[in-house]
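Spelled out from the first residue to the last, the chains are:
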Amino acid sequence: MKSIPHHQAASPHTEATSTHNYPNLTDDDGKAPKDSVVLPAYSTMDLVDKDPDEDDPWNLPELQDTGLKWSELDAKGKVMRVLTSIVKFILLVGFLYMFVCSLDVLSSAFQLVGGKAAGDIFQDNAVLSNPVAGLVIGVLVTVLVQSSSTSSSIVVSMVSSGLLEVQSAVPVIMGANIGTSVTNTIVAMMQAGDRNEFRRAFAGATVHDFFNWLSVLILLPLEAATGVLYKLTKIVIDSFNIQGGDNAPDLLNVITDPLTSAIIELDKTVISDIATGDPAARNKSLIKIWCKTENITTLLNITVPSAANCTIGVPCWVEGNKTWTQINVTETINLERCNHIFAYANLPDLAVGLILLALSLLILCTCLILIVKLLNSMLKGQVAVVIKKVLNTDFPFPFGWVTGYIAILVGAGMTFIVQSSSVFTSAITPLVAGSYGIGVISLERAYPLTLGSNIGTTTTAILAAMAAPGETLANSLQIALCHFFFNIAGILLWYPIPFTRIPIRLARALGNRTANYRWFAAIYLLLCFFLMPLTILGLSLAGWQALVGVAVPIVVLAIFIIIVNLMQTRCPRYLPSRLRNWDFLPRPLHSMAPWDGVIMSGMAFCGTRCCCCCKCCQKTEDEEKGGKERKKSQEMYDNPALTRDNEPLEAPKETVKATQL
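Small disclaimer: the values here were computed from a predicted structure and weren't measured.

Trainee: How should I be thinking about the overall build of the protein in this particular structure?
Mentor: Secondary structure summary: the protein contains 25 helices and three strands in total. For the protein, the residues scored as buried account for 37% of the 661 residues in total. For the protein, restricting intrachain contacts to residue pairs at least 6 apart in sequence, the fraction spanning at least 24 positions comes to 75%. When the accessible surface of the protein is split by element, carbon and sulfur atoms take 63% of a total near 37600 Å².

Put into structure tokens, the structure is as follows:
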């Protein structure tokens, strides 16, 4: 069979197209003349590349009701739906309870693994006098113990004992504010199965990181130069006659303590004792063995070299050739042993910490998956639409600006209730991600909720500080107020004006990057919370000359790269031709694609040698990608406008049969 020429095969389609789009080429009857010029066909590649069904990955997924409406159900169906909803709600509360408890156990595991190391880090007071070193120590210690409250209490103990001044403690509190955001970043990494979910989840988690780091970049130099936070809180403390009160209400701990106390109980005073220089604390275990003890103080007669060694006001006498005096000796009597799992286990702290770390991460992941699946089945139909509108809709003009500040108050109130910013921010991460179709909180709404969470955790610390004894009340409260005003100043810097909400844009850019290269999330986590703080701490130990000599060139280079990148996108004409792009550099220095090839090759090798999971995931991903490619190629092949003018086009079988007839 002969091939059909292009102009004959495509004439019906081309004629119709040209007649419709170019009416001036038709005759009076509306038909194209025989000698009309066939215009060249333009490629529809862009239409094929851009899938019309593909939405913006940052848009929240649509929540659709796949079941019957309430009005369509009979009496039995309505009863079953009500009972099913009640059971689902009870299961949701139970899984959320286990999720919160697993975070508590995770914090205990980190303290068992690195708690004594955290105390040793705090013990070097000379290093803490350096603001930059104090900042990274606050980050490292909070990451190690997974609790900003624990690291803050250590700082309060050191200040109260006179080992650390309040002014030197302010950078440590800033570092603790950064370190506490590592928990929700870890939770976000559990969403790595789907690219768009991971994009939104990681951005929702790291917007907290960027807010804290940017606030520190501005406020730490300002505090080191002027001491503004120290002076402001000093004025507040001196202006009010603040009296000690009750401790902060344990609203959530009352519920979670029965389960977590049955798993593990820690003696957190050991870390504080190590930080304050108590040599006996180094040999103590963090695992609490005796839960009920009693201290008995008795007077004991001892000998001293001479009367000059006697304490003033204490009886001192001489008998024969010996000088005697009296001292108070406190003896601890163990009354009741603890009943948690590891109370009778003769295991070191490190072994128990690793066991709890694996157990808590397993429960955390399992509960997170089950929670989002339950939410997926519950948040459907009109309920989901209402929740989504309530959370993401602004107030009518001209009060739209109030919505964000109400979200800040909601975040602060919820964090005060659960008494943990990590728990609150980790709980909203799946709601930002859109896991399994759940997506009720946008990134723009999650940002003020996160800022409110920072405020909520400081109010809890303020109430806890007000319960301190009279001799330590002023210092404890001043440190808590420094934490509070630091977050208030950060909100004033990065929220009121929409243009200044840079953390949202940075988190969105990082979300796009980690969606394309999911391994980069682990690199970011290790770099920001471990490698960079450890490097800065090592340079600080070497002296300020080494720190300045290494840090200043790196900072100058980073500023130069940022400025050039901004000019490349906005005003490239002002740049030299060589700097209008980074192509003059080796490709690994300006693109992640080469690194991605190396890492994916390593993961593929590991998958074939170690387990089949990576291979299965890779296969599924390749099949999905191949399906899209086949769809595109099929559309390109069936579209006659994509063929060249001089290229013969093979007609479809139906067309060939019609021609033969």
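Anyway, onward from the coordinates.
Trainee: What am I meant to see in the environment of leucine 219 here?
Mentor: Along the chain, the position of leucine 219 falls in helix H10 (residues 195-226). Classification of leucine 219 as buried rests on a relative accessible area of 9%. Spatially, the C-alpha atoms of leucine 219 and leucine 229 are 9.0 Å apart, while their sequence positions differ by 10 residues. Among residues more than four places away in sequence, those in contact with leucine 219 are Met174, Phe486, Ala489, Gly490 and Leu493.

Trainee: What is the right way to read helix H8 (residues 166-179) from this model?
Mentor: Given 3.6 residues per helical turn, the α-helix brings residues three or four places apart onto the same face. Taking 1.5 Å of rise per residue, 14 residues should cover 20 Å, and H8 covers 20 Å from first to last C-alpha, within 8% of that figure. The buried fraction of H8 amounts to 13 of the 14 residues, a majority that puts the element mostly inside the structure.

Trainee: It is not clear to me how the packing of aromatic side chains should be interpreted in this structure. Could you clarify?
Mentor: Centre distance and the angle of the planes are the two values used to describe a pair of aromatic rings. One pass over the full model with this rule turns up nine aromatic pairs. Taking 5.7 Å as the distance between ring centres and 75° as the angle between the ring planes, the aromatic pair formed by phenylalanine 202 and tyrosine 524 counts as edge-to-face. Placement of the pair is phenylalanine 202 in helix H10 and tyrosine 524 in helix H21 (residues 520-542), with a sequence separation of 322 residues. With 6.1 Å between their ring centres and 75° between their planes, tryptophan 401 and tyrosine 405 make a pair best called edge-to-face. The class of tryptophan 401 is exposed, set by a relative accessible area of 59%. Taking NZ or CZ as reference, arginine 501 lies 4.1 Å from the ring centre of tyrosine 495, over its face.

Trainee: Hey, could you run me through the sheet that holds strand S1 (residues 290-304) in this one?
Mentor: Judged by pairing direction, the sheet is antiparallel, and its three strands sit side by side in the order S1-S3-S2 without closing on themselves. Each of the sheet's edge strands pairs with one partner strand only, and the pair in question is S1 and strand S2 (316-319). Taking the axes of each pair of neighbouring strands and ignoring which way they run, one obtains an average angle of 40° across the sheet.

Trainee: Explanation requested: the side chain of glutamate 223 in the structure shown.
Mentor: In this structure, glutamate 223 sits in helix H10. No salt bridge is formed by the buried glutamate 223; the nearest opposite charge belongs to lysine 231, separated by 8.7 Å. In contact with glutamate 223, not counting residues within four places along its chain, are Val170, Met174, Val228, Leu229 and Tyr230.

Trainee: Please clarify how the side chain of threonine 256 should be interpreted in this entry.
Mentor: Secondary-structure assignment places threonine 256 in helix H12 (residues 253-263). A residue is classified by how much of its surface remains accessible, and threonine 256, at 3% relative accessible area, is buried.

Trainee: Where do I start with the nonpolar core in this structure?
Mentor: A general feature of soluble globular proteins is that nonpolar side chains tend to end up buried together. Ranked by size, the top nonpolar core spans 46 residues in total, and within it Met174, Tyr447 and Phe529 carry the most contacts. With 13 residues, the top contributor of residues to this core is H10. Non-local contacts of tyrosine 447, meaning those with residues more than four positions away in its chain, are made with Val207, Phe211, Trp494, Tyr495, Arg501, Pro503 and Ile504. In this structure, Ala169, Val270, Ile274 and Val352 belong to the second largest nonpolar core, which totals 37 residues.

Trainee: Mind showing me how you'd approach the packing of H10 against H21 here?
Mentor: The description of two helices packed together rests on the angle between their axes and the distance between the axes. Orientation of H10 relative to H21, taken along the N-to-C sense of each, is 20°, at an axis distance of 12 Å. Considering the angle they form, H10 stands roughly parallel to H21. For H10 against H21, the interelement crossing comes out left-handed. Taken together, the residues of H21 that come into contact with H10 (itself represented by Phe198, Phe202, Thr206, Asp209 and Trp213) are Ala521, Tyr524, Cys528, Phe529 and Met532. Class assignment of the residues belonging to the contact of H10 with H21 gives a composition of eight nonpolar, one polar and one charged.

Trainee: Just to check I follow, could you spell out the state of the cysteines for this structure?
Mentor: Cysteine pairs can be linked by a disulfide, which is a covalent bond between their two sulfur atoms. Tallied over the full model, the rule gives one disulfide. The partner cysteine of cysteine 291 in its disulfide is cysteine 338, sulfur to sulfur 1.8 Å. In this structure the cystine formed by cysteine 291 and cysteine 338 twists about its S-S bond by roughly 115°; its chirality is therefore right-handed. Of this pair, cysteine 291 sits in strand S1 while cysteine 338 is found in the loop between strand S3 (322-337) and helix H14 (349-378), placing the two residues 47 residues apart along the sequence. Judged by its relative accessible area of 36%, cysteine 291 falls in the partly exposed class. Looking at cysteine 367, it has no disulfide partner, and the nearest cysteine sulfur is the one in cysteine 101, 9.0 Å off. For cysteine 367, a relative accessible area of 5% translates into the label buried.

Conventions we followed
Residues numbered from 1 in each chain as written. Predicted model: local features only at pLDDT ≥ 70, side-chain atom pairs only at ≥ 80, totals over all residues. Heavy atoms only, no water. Helix = DSSP H or I, 4+ residues; strand = E, 2+ residues; numbered from the N terminus. Buried < 20%, exposed > 50% of the residue type's maximum accessible area, 1.4 Å probe, protein only. Contact = heavy atoms within 4.5 Å. Areas by Shrake-Rupley, 256 points an atom, 1.4 Å probe, with all protein chains shown as cover. Expected span 1.5 Å × (residues − 1). Phe/Tyr/Trp six-rings, centres within 6.5 Å; stacked < 30°, edge-to-face > 60°. Lys NZ or Arg CZ within 6 Å of the ring centre and 35° of its normal. Pairing = 2+ DSSP bridges. Axes fitted to C-alpha atoms, helices over the stretch in contact; angles between N-to-C directions. Lys, Arg positive; Asp, Glu negative; His and termini not counted. Salt bridge = Lys/Arg side-chain N within 4 Å of Asp/Glu carboxyl O. Core = buried A, V, L, I, M, F, W, Y, C linked by side-chain atoms within 4.5 Å. Parallel < 35°, antiparallel > 145°, perpendicular 65-115°, else oblique. Left-handed = near helix turned anticlockwise from the far one by under 90°. Nonpolar A, V, L, I, M, F, W, Y, C, P; charged D, E, K, R; others polar. Disulfide = S-S within 2.5 Å.

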